[in-house]
Protein chains: 2
Amino acid sequence: MAKPTVLIVCTLDTKGEEALYLREQIHRNGGGATLILDASHTSQNVQRYREWSDEIIAPCLEHSQELSTLPRGKYVDKAIELCLPPVKDLVEKGQIHGIVSAAGSTGSSLACAIMRRACPIGFPKLMVSTMASGDIKPYIEESDITMMYSVVDIAGLNSILKRILGNAAAAIAAMTNAYAQSLTATSPGTESSRRVGISMFGVTTTAVEHIRKLLSSPPHQIETYVFHATGAGGRAMERLVDEGQLDAVIDLTTTEIADELFGGVLTAGPDRLEAAARKGVPYVVSVGGKSALNYPSIY
Amino acid sequence: MAKPTVLIVCTLDTKGEEALYLREQIHRNGGGATLILDASHTSQNVQRYREWSDEIIAPCLEHSQELSTLPRGKYVDKAIELCLPPVKDLVEKGQIHGIVSAAGSTGSSLACAIMRRACPIGFPKLMVSTMASGDIKPYIEESDITMMYSVVDIAGLNSILKRILGNAAAAIAAMTNAYAQSLTATSPGTESSRRVGISMFGVTTTAVEHIRKLLSSPPHQIETYVFHATGAGGRAMERLVDEGQLDAVIDLTTTEIADELFGGVLTAGPDRLEAAARKGVPYVVSVGGKSALNYPSIY
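The structure presented is a predicted model; accordingly, all values stated were derived computationally and were not measured.

What counts and what doesn't
Residues numbered from 1 in each chain as written. Chains lettered and ligands numbered in written order. Predicted model: local features only at pLDDT ≥ 70, side-chain atom pairs only at ≥ 80, totals over all residues. Heavy atoms only, no water. Helix = DSSP H or I, 4+ residues; strand = E, 2+ residues; numbered from the N terminus. Buried < 20%, exposed > 50% of the residue type's maximum accessible area, 1.4 Å probe, protein only. Contact = heavy atoms within 4.5 Å. Areas by Shrake-Rupley, 256 points an atom, 1.4 Å probe, with all protein chains shown as cover. Lys, Arg positive; Asp, Glu negative; His and termini not counted. Charge placed at Lys NZ, Arg CZ, Asp CG, Glu CD. Patch = residues over 30% accessible without salt bridge, like charges linked within 9 Å, V, L, I, M, F, W, Y side chains within 5 Å. Salt bridge = Lys/Arg side-chain N within 4 Å of Asp/Glu carboxyl O. Buried area = accessible area lost by both parts, 1.4 Å probe. Nonpolar A, V, L, I, M, F, W, Y, C, P; charged D, E, K, R; others polar. Pairing = 2+ DSSP bridges. Right-handed = clockwise from strand over helix to strand, strands pointing away. Least-squares fit on C-alpha atoms with pLDDT ≥ 70 in both. Domains from an automatic or database assignment. Polar contact = N/O pair within 3.5 Å; in protein donor to acceptor, adjacent residues only side chain to side chain. Phe/Tyr/Trp six-rings, centres within 6.5 Å; stacked < 30°, edge-to-face > 60°. Lys NZ or Arg CZ within 6 Å of the ring centre and 35° of its normal.

Engineer: So what exactly am I meant to see when it comes to the overall build of chain A here?
Structural biologist: In terms of helices and strands, chain A carries 11 helices and 10 strands. For the C-alpha atoms alone, the extent of chain A along its principal axes is close to 60 × 50 × 35 Å. Expressed as a percentage of its 299 residues, the buried residues of chain A come to 59%. Look at the contacts in chain A between residues 6 or more apart in sequence, and 69% of them connect residues 24 or more apart. Total accessible area on chain A stands at roughly 12400 Å², and carbon and sulfur atoms take up 52% of it. In chain A, 27 side chains carry a positive charge and 32 a negative one; their mean positions are 3 Å apart.

Below is the structure:
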């Protein structure tokens, strides 16, 4: 098996110093190998770093003239488009086993989209962000990205940022090592279990608890996975079906559809209800919570 | 020095199985020692676990009759009040070096309040939560709690939750070991530096960049820490002054005061502006961003 490897997502044009500090601390804290994915907005500094290290992948570099003329939002979209294929490839070939980044708002959007879209649930993902004491739903959605608030701005190293990046490095190094090991280990008992996802909300809790008890007891002894119908929950359930991590779904609580249709905040997007049908797994659907619509409170 | 020790905050009455799995995985992933802080709502199961292990501190147990009659919100307040003194004591005596918890909404409120109020910034704090794909500001505020979305409900172990708790255990074990080591290590160069906090917002960025450049260049060579005036940012700056981690403040951007006075969302609370005066550190205050008020968008 390949050596446990952490992918560091960064923009070398503006945050090279911080990325290299993260890299140094990963090695210092027992991390195996590192790779750097550069998604810079401009070509500034990138060539200098590439000459210095062969660990750097820079899929944006040959498009740097085009990228540098784009406003932030468009640059993020284009950089994601350019970075996704090589990252997906590294994940599929088992050449990386964890992913980490440290950034402000633009960089967090970019790195989290790559983590969310290229790495399965369970694959270690860590984002150190200036945005992590607020609404992080747009960054996380249905994925298990771990968010660490940087407290101070990520612009130049100081003793507090060093401490926080040091914590992040220790965490991702350890998660990556554990994940790489788990790929080769056998986990007796769990593989043969059948796995059923169930959607839940306040109004369906009693029913779900009853179903869970019946399914997990003899003679069934099925593993159950409860998802709160919060938008992220429904998306997560559908995603796990797509990833082959669920064998059947009892979709008792489809309240997210009402939110999607009438502008509520707990929508799971327009594709809700599709994964089980697409994958052909057994699927029971009901209308739990459908009479509820969730609007934001202003204060 | 004491062995690197992780404090696991949990409620043994409802989430004992998950807490013990977390503990087992911390040991499996190279963690030193563990301690369990039980903050149960009822006394159910607690005595059984205490007989089984001497690692358990249960400051709520003798108040369990009172606690069990309280509604959730009041129970959380009371449990925080009971748990804070022993945790503060463990932190101050250097007997714990990291803190972790896995919970739903009630347990996340409880554990995060303990982490925020008992542990300084830089001290490793990790919360695995069903609430971590949404607005986490009430949990994090000005602290550096790391949040990991549990994806599935934390109610019974299954292969996905095991994987996520395994990642969390590896992360907190490594952060705790690194933190404990750093307490004994000397960090040449940083201790002699003077440290200045500066508050920033969009409208003051150019000024702050200029100040930062002047301060960090010779002959000053001062470490600068930039805080975004997002509410959490102002609070973090004041907290670091209180913790003795900043030697002076240039409070160029006091927009948070306007939000506090007129109901904006980026308030840093009624105590903003007080820490520097209280601690007697040099303090320059200006009115940057004061004409801005931040209201939530409904969609």
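Engineer: How should I be thinking about the side chain of His97 of chain B in this particular structure?
Structural biologist: With respect to the secondary-structure elements, His97 of chain B resides in the loop between helix H4 (72–92) and strand E4 (98–103). For His97 of chain B, the contacting residues outside a window of four places in its chain are Ala2, Lys3, Pro4, Thr5, Phe123, Pro124, Thr176, Tyr179, Ala180 and Leu183 of chain B.

Engineer: So what exactly am I meant to see when it comes to a nonpolar patch on the surface here?
Structural biologist: Residues and elements named next belong to chain A. Taken together, Leu261, Phe262, Leu293 and Tyr295 make up a surface patch of nonpolar side chains, about 440 Å² in accessible area. Positionally, Leu293 belongs in the segment after strand E10 (283–288). The exposure class of Leu293 is partly exposed, given its relative accessible area of 35%.

Engineer: Is there a simple way to think about the interface of chain B and chain A in this case?
Structural biologist: Reports often express the size of an interface as the amount of accessible area lost when the parts come together. Contact with chain B, which involves 59 residues of that partner, is made by 59 residues of chain A. For the pairing of chain B and chain A, the buried interface totals around 4500 Å² over both sides, and the portion due to carbon and sulfur atoms is 59%. At the junction of chain B and chain A, the tally comes to zero salt bridges. In terms of residues, the side of chain B that touches chain A owes the most to one element, helix H7 (residues 159–184) of chain B, which gives 13 residues. Partitioning the side of chain B that touches chain A into residue classes produces 32 nonpolar, 16 polar and 11 charged. Both strand E6 (residues 146–149) of chain A and strand E6 (residues 146–149) of chain B contribute to a ladder of three bridges, which runs antiparallel. Bridged to Thr146 of chain A within E6 of chain B is Met148 of chain B.

Engineer: In this structure, what is going on with the pairing of strand E7 (residues 195–200) of chain B? I would like to understand it.
Structural biologist: Each regular strand carries side chains that alternate between the two faces of the sheet. All names here are of chain B. Across the six residues of E7, six count as buried, placing the element largely inside the fold. Every second residue of E7 is oriented toward a common face, with Arg195, Gly197 and Ser199 on one face and Val196, Ile198 and Met200 on the other, all of them buried. In the sheet, E7 pairs with strand E8 (residues 223–228) via six bridges, with the strands oriented parallel. Along E8, the bridge assignment pairs Ile198 with Val226. The parallel pair E7 and E8 is bridged by helix H8 (residues 205–216), and the resulting crossover is right-handed. When E7 meets strand E9 (residues 248–253), the two strands line up parallel, connected through three bridges. Residue pairing across strands places Ile198 opposite Ile250, the latter belonging to E9.

Engineer: Looking at this structure, how should I read the pattern of salt bridges?
Structural biologist: Proximity of charged atoms lets side chains of opposite charge pair with each other. The tally for this structure, following the rule as stated, stands at 28 salt bridges over all chains. Here Asp242 of chain B makes a salt bridge to Arg278 of chain B, at a shortest N to O gap of 2.8 Å. In this pair, Asp242 of chain B sits in helix H9 (residues 232–242) while Arg278 of chain B sits in helix H11 (residues 275–279), placing the two residues 36 residues apart along the sequence. One salt-bridge network, in which partners are shared between bridges, spans Glu238, Asp251, Glu256 and Arg272 of chain A.

Engineer: Quick question: what am I supposed to make of the relation of the copies chain B and chain A here?
Structural biologist: The operation relating the pair of chain copies consists of a rotation about an axis and a translation along that axis. Least-squares fitting of chain B to chain A yields an RMSD of 0.0 Å, with the transformation described by 0.0 Å of translation along the axis and a rotation of 180°. Those values place the two copies in the arrangement expected of a two-fold rotation axis. Comparing interface residues between copies, 100% of those in chain B also sit at the interface in chain A, which points to an isologous, same-surface contact.

Engineer: So what exactly am I meant to see when it comes to the domain arrangement of chain A here?
Structural biologist: Residue and element names in this part refer to chain A. If you check the domain split of chain A, you get domain 1 (5–184) and domain 2 (195–288). Here the C-alpha centroids of domain 1 and domain 2 sit 32 Å apart. Each side of the interface is counted separately: domain 1 has eight residues, and domain 2 has 11 residues. Carbon and sulfur atoms supply 49% of the area that domain 1 and domain 2 bury against each other, a total of about 700 Å² over both sides. Three residues stand out in domain 1 for area buried against domain 2, namely Ile121, Lys137 and Glu142, and they jointly supply 70% of the buried area on that side. Linking domain 1 with domain 2 are two salt bridges. Glu142 is paired through a salt bridge with Arg239; the nearest N and O atoms lie 2.8 Å apart. Inspection of the domain 1/domain 2 interface yields five residue pairs in polar contact (both at pLDDT 80 or more).

Engineer: It is not clear to me how the packing of aromatic side chains should be interpreted in this structure. Could you clarify?
Structural biologist: Pairs of aromatic rings are described using the distance from one ring centre to the other and the angle between the two planes. All names here are of chain A. Across all of its chains, the model carries two aromatic pairs over all chains by this definition. Ring centres of Phe123 and Tyr179 lie 5.2 Å apart, and the angle between their planes is 70°; this geometry places the pair in the edge-to-face category. Of this pair, Phe123 sits in the loop between helix H5 (105–118) and strand E5 (125–129) while Tyr179 sits in helix H7 (residues 159–184), and the two are 56 residues apart along the sequence. Of the residues examined, Tyr179 reaches a relative accessible area of 11% and is grouped as buried. The side chain of Arg48 reaches across the aromatic face of Tyr49, ending 4.9 Å from its centre.

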